[in-house]
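Tertiary structure, described
Here is what each chain is made of, one letter per residue.
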Amino acid sequence: MDSALTLIGLPIALGVIMLGLGLGLTIADFRRVAQHPRAAVIALVCQVLVLPALCFCLVLAFDLAPELAVGMMLLAASPGGTTANLYSHLFGGHVALNITLTAINSVLAVFTLPVLVNLSAAYFLPDGRSLGLQFDKVVQVFAIVLVPVAIGMLIRARMPHVAERLNRPVRVLSVVVLVAVIAGAVLGERENIADYFVAVGLAVLAFNLLSLAIGYGVPRLAGVDRSAATAAGFEIGIHNSTLAITIALSPALLDSTQMAIPGAVYGIVMFFTAAAFGYLVTRVRTRSAATSTP
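Going by what an unreviewed UniProt entry lists, the protein is known as Bile acid:Na+ symporter, BASS family and is assigned to Micromonospora chokoriensis. Here is the UniProt Subcellular location (unreviewed entry) comment for the protein, exactly as written: "Membrane".

1. Here's the deal with the overall build of the protein
Each helix and strand counted, the protein has 12 helices and 0 strands in total. Traced from its N-terminal end to its C-terminal end, the protein shows the element sequence α-α-α-α-α-α-α-α-α-α-α-α. Sorting the 294 residues of the protein into buried and exposed places 50% on the buried side. Residue pairs in contact within the protein that sit at least 24 positions apart in sequence constitute 82% of those at least 6 positions apart.

2. Topic: the nonpolar core
One finds Leu 64, Met 72, Leu 74, Val 200, Phe 207 and Phe 234 to be the most contacted residues of the largest nonpolar core, which totals 70 residues. Element by element, the count of residues in this core is highest for helix H3 (residues 37–62), at 11 residues. Setting aside its immediate chain neighbours within four residues, Met 72 contacts Cys 55, Val 59, Leu 64, Val 200, Ala 203, Val 204, Phe 207 and Pro 262. Membership of the second largest hydrophobic core comes to 5 residues, among which are Leu 23, Ile 155, Ala 163 and Val 170.

3. Structural notes on the packing of H3 against helix H6 (residues 95–124)
Two numbers describe how H3 lies on H6: the axes approach to 11 Å, and their chain directions differ by 30°. Judged on the interaxial angle alone, H6 and H3 are roughly parallel. Between H3 and H6 lies a crossing whose hand is right-handed. Across the interface between the two elements, Ala 39, Ala 40, Ala 43, Leu 44, Gln 47, Val 48, Pro 52, Phe 56, Val 59 and Leu 60 of H3 pack against Leu 97, Leu 101, Ile 104, Asn 105, Leu 108, Thr 112, Leu 116, Tyr 123 and Phe 124 of H6. Classifying every residue of the contact of H3 with H6 gives 16 nonpolar, 3 polar and no charged.

4. Details of a nonpolar patch on the surface
On the surface, Val 41, Val 45, Val 48, Leu 49, Val 50 and Leu 108 cluster together to form a nonpolar patch covering roughly 440 Å² of accessible area. Among the elements that take part in the nonpolar patch, H3 stands out by supplying 5 residues, more than any other. By secondary structure assignment, the location of Val 45 is in helix H3.

5. Details of the state of the cysteines
In the structure shown here, the tally under the stated rule is 0 disulfides. Cys 55 takes part in no disulfide bond, and the closest cysteine sulfur to it belongs to Cys 57, at a distance of 9.3 Å. Residue class for Cys 55 comes out buried when judged on its relative accessible area of 0%.

Scoring rules and cut-offs
Residues numbered from 1 in each chain as written. Predicted model: local features only at pLDDT ≥ 70, side-chain atom pairs only at ≥ 80, totals over all residues. Heavy atoms only, no water. UniProt positions renumbered as here; feature names shortened; annotations may be inferred. Helix = DSSP H or I, 4+ residues; strand = E, 2+ residues; numbered from the N terminus. Buried < 20%, exposed > 50% of the residue type's maximum accessible area, 1.4 Å probe, protein only. Contact = heavy atoms within 4.5 Å. Core = buried A, V, L, I, M, F, W, Y, C linked by side-chain atoms within 4.5 Å. Axes fitted to C-alpha atoms, helices over the stretch in contact; angles between N-to-C directions. Parallel < 35°, antiparallel > 145°, perpendicular 65-115°, else oblique. Left-handed = near helix turned anticlockwise from the far one by under 90°. Nonpolar A, V, L, I, M, F, W, Y, C, P; charged D, E, K, R; others polar. Patch = residues over 30% accessible without salt bridge, like charges linked within 9 Å, V, L, I, M, F, W, Y side chains within 5 Å. Areas by Shrake-Rupley, 256 points an atom, 1.4 Å probe, with all protein chains shown as cover. Salt bridge = Lys/Arg side-chain N within 4 Å of Asp/Glu carboxyl O. Disulfide = S-S within 2.5 Å.

This is the structure we're talking about:
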């Protein structure tokens, strides 16, 4: 994990990922929350408070190894990813609400993620030690995560045409660099990958399914319409595993392959569970519409 590709590539990949996120955000995305205040507030409470608490309980229930436990908490602290927007669009969710939640969650994560990971490291790791993401590193996290987002938003605001042209190349570049680094990390741990998957697979699946259920069920119980609840379900149920993996592997942050395992497993599992969730929600909505039709 101390190769030049990792030392240089990962911070660049994370910066490019966050720049790409900023290129797709505007101030209007944040204002849009006023159109669906109940759904937005419920989703944010679930994302910031309920999911970390749920994940902590699952980690204890599955008795995960310390590094895997911290990796799970890192995953729980990560905001929703852009994949949530795609699934929401495909299955009738309120995409504008998704965009707003992604924007707000991404900014909140800059503050909440270092705190949650430090608390988790202090609790789970031997002697309360941490692996790099200490409070004196919070400024570094700000620099790597928040600054590129701000730059991307500034470009979008001042030069929208430039932002549109940069959006696709930036996404492609971040994926290429990240895949190269992750592939190197996986090759270095190839003898242990199967054991890691066995150790954390069920915990990841349970967390993913419960996240989707809470993200949809809680807003519905609070009277939120199905479209907004579907958007909240995908936003809460599909975490930005790419961000979690990058933070875990980065030598400047956690520098731990084991902590990246939950995010890697989650990144595979979520595509299938999210599709199944979307199918079920669509069927429920169709049956409800048919029942209400005279």
